[in-house]
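Observations on the three-dimensional arrangement
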Amino acid sequence: MPAPPPVPPAEDLDDALDDARPRDDLRHPVRLAGPPRRVVSLVPSITESLAATVPEALAGATDWCTHPADLDVPRVRGTKNPDLAAIVDLTPDLVIANQEENRELDVRRLRERGIEVWVTVTETLDGALASLGRLFDEAFGVAPPWLAEAATEWASPGEPLGRASVAIWRDPWMVVGRDTFTGDLLARLGLANVHADAPDRYPAVEVADIEARHPDVVLLPDEPYVFTADDGPEAFTVPTRLVSGRLLTWYGPSLVGARSALVAAVAPVR
């Protein structure tokens, strides 16, 4: 009688299982027994996406997760300082984070506590749509209709609208620089980011530096800094426009209809 085949080492079995498991955008394997039933989102855009697609699975979110407006789930503090103990107490099947918005340290500490974390990477418009599509397909087994609508709406570049600077903070002034989702969205919208060649993704600048690049318009969103009619426009001699930060910086259902709204906001400057 032939001898039974040798049992592979446990680490080999683990490697084989990892190869079959879904992986997040950083290629880290995510151990899911099925579609997650309890999800904590540390990303406002993804919280809105989950609420619009699998609301029954959303078990927790950050204080910055403001959409939908009637979202009623436990809060786990901020994106940069999440309450890890509170997250563990919610017994999630999955925590969703983002490479830019959340800290690698928090992701690592959650994994050390046995929590599965799916990290997304969203540096471009197409990349964000692809990331969300893969997350919903591989983790939840669904294809959100709003995702297809957003992809269609943003499929082609718009007519040139001019040159723009996007301020995101004041004291010190900070702007959108290179390799960002917002910068890529601007380009698809038809606006050339005057800071696209900056060495940093969100450089600190002076107002004089912004105006020296001769933007046709400076966009002043209402997040993360809340620019208002009395706080922001008075600093510039070039035209400014107050815009929704959610339409400019969020990815998810907010992308549906965002294009026409943003064009309407900036078109009068030309």
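To start, this report covers the structure provided alongside it. Every value quoted in this text rests on a predicted model; they were computed, and no experiment measured them.

Quick word on the side chain of S254
Along the chain, S254 falls in the loop between α9 (245-249) and α10 (258-266). A relative accessible area of 3% places S254 in the buried class. In this structure, S254 is in contact with E48, R246 and L247, ignoring residues within four places of it in sequence.

Brief notes about the sheet that holds strand β1 (residues 39-41)
An order of β2-β1-β3-β4 is seen for the four strands of this open sheet, with the pairing classed as parallel. Pairing within the sheet leaves two strands with one partner each, and these edge strands are β2 (58-61) and β4 (117-120). With direction set aside, neighbouring strand axes in the sheet form an average angle of 25 degrees. Looking at chain direction, β1 and β2 are connected through three bridges and run parallel. Among the inter-strand pairings, V39 is bridged to a residue of β2, identified as L58. Against the sheet, helix α4 (residues 104-112) makes contact with β3 (94-98) and β4, and its axis sits at roughly 160 degrees relative to β4, the strand it touches most.

As for the pattern of salt bridges
Taken as a whole and judged by the stated rule, the model has 13 salt bridges. The closest approach of N and O atoms between D24 and R111, which form a salt bridge, is 3.2 Å. With D24 in the loop between α1 (10-20) and β1 and R111 in helix α4, this pair connects stretches of sequence that are 87 residues apart. Overall, the relative accessible area of 26% leaves R111 in the partly exposed class. Of the charged contacts in the structure, one is a salt bridge between D25 and R134, with a shortest N-O distance of 2.7 Å. Here R134 lies in helix α5 (residues 125-140) and D25 lies in the loop between α1 and β1, a separation of 109 residues in the sequence. According to the relative accessible area criterion, R134 is partly exposed, its value standing at 21%.

So, α5
With 16 residues, α5 ought to run about 22 Å at 1.5 Å a step, and its terminal C-alpha atoms sit 22 Å apart, in line with that. Of all the residues in α5, the buried ones are L125, A128, L129, S131, L132, L135, F136, A139 and F140. Each buried residue of α5 lies within a common arc of 160 degrees when the element is viewed along its axis, so the set occupies one face. On its buried face, α5 is in contact with β1, α2 (44-53), β3, β4, α6 (145-153) and α7 (181-189). The backbone nitrogen of G127 has a side-chain oxygen 2.8 Å away, supplied by the residue at the start of α5, namely T124. Two residues or fewer after α5 comes G141, characterised by a positive phi angle close to 70 degrees.

Brief notes about the packing of aromatic side chains
Counted under the stated rule, the structure contains seven aromatic pairs. Taken together, a centroid distance of 5.5 Å and an interplanar angle of 70 degrees make the contact between F181 and Y251 edge-to-face. Placement of F181 in helix α7 and of Y251 in the loop between α9 and α10 is noted, with a sequence separation of 70 residues between them. Taking relative accessible area as the criterion, Y251 reaches 2% and is therefore assigned buried. Measuring from ring centre to ring centre gives 4.6 Å for Y225 and F227, while their planes differ by 50 degrees; the resulting arrangement is tilted. Neither residue differs from the other here; Y225 and F227 are each classed as buried. Pairwise contacts between aromatic rings join W169, W173, Y225, F227 and F236 into one cluster.

Analysis parameters
Residues numbered from 1 in each chain as written. Predicted model: local features only at pLDDT ≥ 70, side-chain atom pairs only at ≥ 80, totals over all residues. Heavy atoms only, no water. Helix = DSSP H or I, 4+ residues; strand = E, 2+ residues; numbered from the N terminus. Buried < 20%, exposed > 50% of the residue type's maximum accessible area, 1.4 Å probe, protein only. Contact = heavy atoms within 4.5 Å. Pairing = 2+ DSSP bridges. Axes fitted to C-alpha atoms, helices over the stretch in contact; angles between N-to-C directions. Salt bridge = Lys/Arg side-chain N within 4 Å of Asp/Glu carboxyl O. Expected span 1.5 Å × (residues − 1). Arc of directions from axis to C-beta. Polar contact = N/O pair within 3.5 Å; in protein donor to acceptor, adjacent residues only side chain to side chain. Phe/Tyr/Trp six-rings, centres within 6.5 Å; stacked < 30°, edge-to-face > 60°.

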